[in-house]
Structure formats: structure tokens, C-alpha cells
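# Residue-level structural notes
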Amino acid sequence: MKKQWCEIEAIGINYKIHSTKTIKQPFKIFNKPLKPDDEANAREMPGSGVKHVLKDVNCMAKPCEILAIVGPSGAGKSSLLEILAGRVSPQNGGSILVNQEHVDKSQFRKISGYVTQKDTLFPLLTVEETMMFSAKLRLNLPQEKLCSKVKSLIQELGLSHVARTRVGDGDDRIRGISGGERRRVSIGVEVIHDPKVLILDEATSGLDSTSALQIIDMLKVMAESRGRTIILSIHQPGFRIVKLFNSILLLDNGSVLHHGSVDLLDVNLRLMGLELPLHVNVVEFAIESIETIQQHQQSLQVQTEAPKRVLGSMILKKGDDQGESRSGKLTLLQLFQQSKVFDIENINVGMDFTCDYANSRLRETMILAHRFSKNILRTNELFAFKTVQMLISGLVLGSIFGNLKDGLVGAEQRVGLFAFILTFLLSSTIDALPIFLQEREILMKETSSGSYRVSSYALANGLVYLPFLLILAILFAVPLYWIVGLNQNFTAFLHFLLLIWLILYTANSVVVCFSALVPNFIVGNSVIAGVIGSSFLFSGYFISNHEIPKYWIFMHYLSLFKYPFEGFLINEFSNSKKCLEYMFGACVMKGEDILKEEGYGGESSRWKNVGVMVSFIFAYRFISYVILRYRCSQRVIF
């Protein structure tokens, strides 16, 4: 059976970015962010021009080898990797070939993995759980085989000793594994489905020399033992790391200055009259000598290929001589390298290019809901502290409003209580915004690689918070309702609990919606606060809907406060046998009279308000899905 290896070739890759005027507009939500490698380029651009990040780049990455992309900051390394990984489309007719053939998005993501510069992981999951969830989403295998595969990969990555340790976020807020171990977890998440191509952006960024060497050595073993094509960018590699690279692509200002082996780079530098100093590896020296290399290439109109061919033959012959054992036979690795040449020609035979997802939409939703549940239960700010907060808030409010009277004064106090409940509940869910923003980054990364559908994520996100918010509603409503002594009818209590649950879920949906829209926490916090404040203003509590100017009346009907506020009043005063005001011993005002006077209606409006609240929930959830779907679709390929 032939190995399914992949050879990646980039031909005529060009990429341009526009001036910073179009990039730094703060109110454009969907502006494409600059990659780290492009920021230095962007600073050099004139106000109305464009910058050529990549200029006619040609390169090739072969199976069982590591292609290292090196160069100074702003050379275009990250942009080239984004294009090779399929996250950005090349311009001006450039193309990416896999085994001399064009492939589309759905095909390429089945055989590739892309490790971004930033480790985008759930900090509260353990290493084993992170790998397991990735395996469940990317593979359709029985549970026993999934466990076996995950354990085998953890052992291969050297993470067995931290398998049950939480990943952490790299700072003191959530303690976890080290930076090198976290980098290995990121690699493991991308290779769990056994990709034929692995692309890594700044594979050793932020790591010490020992951890960096371990990462590259591990990648070298992966390339040779599993036939993977590995492409990575790296900054200032050490001596031992450089020896592990099969090929070097030297970039500067978007142009290729060298593409070939490290030995060939050494010879080219010597031909230019550049002598390699002691204790400096050839890659670092080449980056330091960028200007000299550019001047040399500009002075040579026609490059002489003969010295390169002669050198290549000499290096190959030298390697063959050294590779032979004393018995005159080739080593196993050399036989492996020779065998791949034959197989590459027939690589497409039997290649699995199916573009379907590994799981059904229902199974995806179940897996994601399980992962959501673990994160919620382990997030103290969202679960432990929130449950305590809701219970204490209910008790405190109950003790404050525990001696309400039955007359008009008591009715006014009840109205104030309902208004405060709405303000407190709708504004208390903003603390979940950072969590949703973090999940958005992970969502975009996972869906771009074809792990699952955006709709499955949206559905799981909506379902998993229902029981959690119901628990919070019960903890808040039970002590508050009975201590205050609201409508003593048990059915009225159940309706009050339902309204509290829907209020919490509406607030959660608003946060989910705007977390999908806004670029960061500061903007999101401001926008959500503005929406809640305007909803309270136009709810009818401060100013009657009859007195609101006609050009603002639409805000009254879009207010998140209006319908639950009316629901509270109807639930408390409709069909109430309590008299609010007596005159000459006769009841002259009941609860129904207040509802009619304010235009809230009676029992007929009870479920209408519930229906509108449910509609708001569906609307915000659907809008968040549309925004997330749009954001994820922007990470297109080819």
C-alpha cells in the first residue's frame, strides 16, 4: 500500500495590503486584522498606497522534510504561511498546488493542520480532555479507539506527565502547563486527525532554547516517521535547530533570497564573499547580511546555476557515502527517502479527499455541549461565584422588601422592586463577555479547519446555558418571592420563576450576540451597557409610552425591559383579590385597575409577553449565528 504523502508547491504568490487608513478604522467590525509579520510593513506604507507583502514567491515543500521560512521582522513570513495554510487567498494569479494539482478548501483542510502563533486553547480543560474533544470532533471512531489514539499521541508528544493537568493561560490567573508543553498541545490538536501537511507559525516563539529544540526535534521525527510535509516559520534558530531543517526559505521584504538546503545557503554566502563567523549559525548570519545579499542579487542579472548543481551533486554524493554502512548497504532512512520519490508520483491513488464533516450535526452539538458544560462548571466567575451571588441577592432583596404593605404604597414599592430586579439581572451577565470572546477565537480556528459546523456551535451554546440559568433563576426567585410575600398563588410563583429564567436567558443571548460582533472586551462592554441602558429608558417605567416622542416609539417596543416588566405587573396584580385603596369602607381600586390605567392589559397579555421575550431570544441567537458564520467564512482558502 502506498503512502499518502503530499508535496506543496507555491507558484507566483503575491499579496498586498492597503494603507493603514483603511485598517485602523475603529468602527469597522469586520476589518481584516494585520498579521504580526505585516505590522512592520504597514507602518512603512504611505497614507494612500499599498504595500507588497509578498512578491512573486515560489517555493516547494516535500514530504518527510521540514521547510523553514526565515527572515527579519516584516519579511512576509506569516502572510506566506497564511496563504499556504489556505486562510488567505493569493493575488494576481498565484496558486498553491498539492501534488501538482489544485485543491479547494474542503479538500485541503482534510489533509492539513495549521498551528497559529498564538496557542488558542481552553485554559480550564486538561491536556487529555483537550486532545479528546479534538479527536471526537475530527474523527468518527469508537470511544475505545479514540482513547487509544489520544493516549498514543500524548505519549508521542511527551505530555504523559501532564495529561491530567489543566492547560492554563500562561499567566498567574489560571495556572497550568509550561509554554513548551502548551505549544505541544497546540500541535497535538492539529495532528490528531493525522494530517499529511502541518504548517506552524512561529513554532518556537516565546520558548527557551531547550523547549524550542525539543519542539523542532519532535517535528522532525513526525516528518520522517509519518511522511508529513512540515512548513514552519521561525525566528533566530539555534545551531542544533538549524541542523534539523531540510530546506530554508529566506525572505526579505516579500522576496525570496534563498530557497534550498542549509549547506547550499552556506556556499552561496561564501560565493558572495561573506565568511561565516565562529559561533554564529548560517541562518542567523544570512539574516544579518540581508542587505549584502540583496545588493549581490541585484548586481547579477543572470544567476549561474552551475555551481549550485555541482554543489548539489557533491552534497548528495557525500551524503550517500556517509550513509552507507560498513557492509555497503544504505541506511533504513535513506531507503525510506528513496522510496518516497516513487510514491509521490502516484500519491493521488486512493487519497481520501472527502469534504464531509466527521460527525453528524447532532453528535457535534452533543460534543460541543459537553465541552461547554466543563468550561462553565470550572469557571468560578461564571458558575461558583454566580450561584452564590444570585442566592445572596435574592435573600438581601427579600429582607429589604420583606415588609411590603397591601395598599397603593405597597404597590409602588412592588413596582420599584420589579424595576430593580430587571436592572440587576440584565446587567449582571456582562461578566460572561470575556469568556465568549475567547470562545469566538477558538471557534474561528476550529471551524476554519473543518472540525465542525458553526450551526452546531450556536445550537450547543444555546442549549447548554438553559439548565445553568434555570439553577440561577431558582436560587434567586425562591427566597425573594416568598420572603417578600408576592402573589401567594403557586401558579403565579411558577410564572415569576419563568420570567426570571427568560430574563437571564435574554441577557445571555444579548451578550452572545455582541460578543460575536465586537472586536474586544472594551467595545463590547460599552455596547452592551448602552443597549441595556436604552432598554431601561424606553421601558415605560420612567416615562409612559404615551409620552414618548413618536420618532422614538419604536425603541419602546424593542426594549428588553418592557415585556418582562409588564409580565411582572400582570403576574402580581391580575386576578388579585387584594384591594389597594378603600373609600368609605368600599374598595375603589384593585390591581386590575392599575393595569388598565397603564394600558398593560390583563390575563390576555400574560403569555403574549412571554412569547415576545422568547422571540427576542431567538432573534439575538440567530443574529449571533449569522455574524459568526460570516466571520468564519472570511477565513477562506484559495
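Overview of the structure.

What counts, and where the lines are drawn
- Residues numbered from 1 in each chain as written.
- Predicted model: local features only at pLDDT ≥ 70, side-chain atom pairs only at ≥ 80, totals over all residues.
- Heavy atoms only, no water.
- Helix = DSSP H or I, 4+ residues; strand = E, 2+ residues; numbered from the N terminus.
- Contact = heavy atoms within 4.5 Å.
- Axes fitted to C-alpha atoms, helices over the stretch in contact; angles between N-to-C directions.
- Parallel < 35°, antiparallel > 145°, perpendicular 65-115°, else oblique.
- Left-handed = near helix turned anticlockwise from the far one by under 90°.
- Nonpolar A, V, L, I, M, F, W, Y, C, P; charged D, E, K, R; others polar.
- Core = buried A, V, L, I, M, F, W, Y, C linked by side-chain atoms within 4.5 Å.
- Buried < 20%, exposed > 50% of the residue type's maximum accessible area, 1.4 Å probe, protein only.
- Pairing = 2+ DSSP bridges.
- Phe/Tyr/Trp six-rings, centres within 6.5 Å; stacked < 30°, edge-to-face > 60°.
- Lys NZ or Arg CZ within 6 Å of the ring centre and 35° of its normal.

### Looking at the environment of Thr 379
Inspection of the secondary structure puts Thr 379 in the loop between helix H14 (361-378) and helix H15 (384-400). Sequence spacing of Thr 379 and Leu 124 is 255 residues, and the spatial spacing of their C-alpha atoms is 7.5 Å. Non-local contacts of Thr 379, meaning those with residues more than four positions away in its chain, are made with Leu 124, Ala 384 and Ile 435.

### Remarks on the packing of helix H17 (residues 433-448) against helix H24 (residues 606-633)
At a minimum axis separation of 9 Å, H17 and H24 run at an interaxial angle of 50°. In terms of axis orientation, H17 runs oblique to H24. Crossing angle aside, the handedness with which H17 passes H24 is right-handed. Two secondary-structure elements touch here, H17 through Arg 440, Leu 443, Met 444 and Thr 447 and H24 through Leu 628, Arg 631 and Cys 632. For the contact of H17 with H24, the per-class residue count stands at four nonpolar, one polar and two charged.

### Some points on the nonpolar core
As a rule of thumb, nonpolar side chains are buried together in soluble globular proteins. Core analysis: the biggest nonpolar cluster contains 85 residues, and Ile 421, Leu 425, Tyr 465, Phe 476, Phe 496, Ile 500 and Phe 568 have the highest contact counts within it. By residue number, the principal contributor to this core is helix H19 (residues 490-517), which donates 17 residues. Residue contacts for Phe 568: discarding those within four places in its chain leaves Phe 418, Ile 421, Leu 422, Phe 496, Leu 499, Ile 500 and Ile 503. Within the second largest apolar cluster, 58 residues are counted, among which are Met 132, Leu 157, Leu 257 and Ile 293.

### Quick look at the sheet that holds strand S3 (residues 66-70)
In space, the six strands of this open sheet follow the order S5-S6-S7-S3-S8-S9, with mixed pairing throughout. The outermost strands of the open sheet, each flanked by one partner alone, are strand S5 (112-115) and strand S9 (255-260). Each strand axis lies, on average, 15° off the axis of its neighbour in the sheet, ignoring direction. Sheet analysis places S3 next to strand S8 (residues 247-252), joined by four bridges and oriented parallel.

### A few points about the packing of aromatic side chains
One pass over the full model with this rule turns up 18 aromatic pairs. Taken together, a centroid distance of 5.2 Å and an interplanar angle of 20° make the contact between Phe 418 and Phe 568 stacked. Taken together, the residues span a long stretch of sequence, with Phe 418 in helix H16 (residues 408-427) and Phe 568 in helix H22 (residues 562-573) at a distance of 150 residues. Taking the relative accessible area as the measure of exposure, Phe 418 reaches 1% and is therefore buried. Ring-pair connections join several aromatic residues into one group, and the members of that group are Phe 418, Tyr 481, Trp 482, Phe 490, Phe 493, Phe 496 and Phe 568. Positioned over the ring face of Tyr 563 is Lys 562, at 5.1 Å from the centre of the ring.

Take it as geometry only, folks, not as evidence of what the structure does.
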